[in-house]
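# Structure assessment
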Amino acid sequence: MSFIEQLLLLRRLHNLVRRKATGSSEELMEKLNVSKSGLYRQLELLKSLGAPIRYDRAEQRYYYASEFEWQWEVLRRSEN
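Overview of the structure. (Residues numbered from 1 in each chain as written. Predicted model: local features only at pLDDT ≥ 70, side-chain atom pairs only at ≥ 80, totals over all residues. Heavy atoms only, no water.)

### Section: the overall build of the protein
Across its full length, the protein carries three helices and two strands. Along the protein, helices (α) and strands (β) appear in the sequence α-α-α-β-β when read from the amino end. The buried share among the 80 residues of the protein stands at 35%. The contacts in the protein between residues at least 6 apart in sequence include a share of 46% that link residues at least 24 apart. (Helix = DSSP H or I, 4+ residues; strand = E, 2+ residues; numbered from the N terminus. Buried < 20%, exposed > 50% of the residue type's maximum accessible area, 1.4 Å probe, protein only. Contact = heavy atoms within 4.5 Å.)

### Some thoughts on the pattern of salt bridges
Here the structure, examined in full by the defined rule, presents one salt bridge. Notably, a salt bridge pairs Lys-47 with Glu-44, separated by 3.7 Å at the nearest N-O pair. Here Lys-47 pairs with Glu-44, and both are found in helix 3 (residues 36–48), just three residues apart, close to one helical turn. (Salt bridge = Lys/Arg side-chain N within 4 Å of Asp/Glu carboxyl O.)

### Overview of unusual backbone geometry
Despite not being glycine, Asn-33 shows a phi value in the positive range, around 55°. Along the chain, the position of Asn-33 falls in the loop between helix 2 (25–32) and helix 3. Asn-33 gets classed as exposed once you look at its relative accessible area, which sits at 72%. Phi angles above zero are rare outside glycine, and Gln-60 is one such case at about 50°. Of note, Gln-60 is situated in the loop between strand 1 (53–56) and strand 2 (61–64).

### Description of the pairing of strand 2
With four bridges connecting them, strand 1 and strand 2 associate as antiparallel partners. From the neighbouring strand, Arg-54 faces strand 2, where its bridge partner is Tyr-63. Hairpin connection between strand 1 and strand 2: a loop of four residues separates the two successive antiparallel strands, and Gln-60 in this loop has a positive phi of roughly 50°. (Pairing = 2+ DSSP bridges.)

Rendered as structure tokens:
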């Protein structure tokens, strides 16, 4: 997986968690098209960025325990 693909996957995961639209681990694996180990790698990566991710067993979904916003942008060099 390329670096850009990794960032896009991480952004999609963040958006799903932020909207509380992940579903269970199995549903989230399908939404992201990743394996179980791939999903847990992505969750750990978000956690390493300071994301307070939790799993609600009753609701069967991931959520942020407190406010968390992750923003990234790609800067382009000018062609001067």
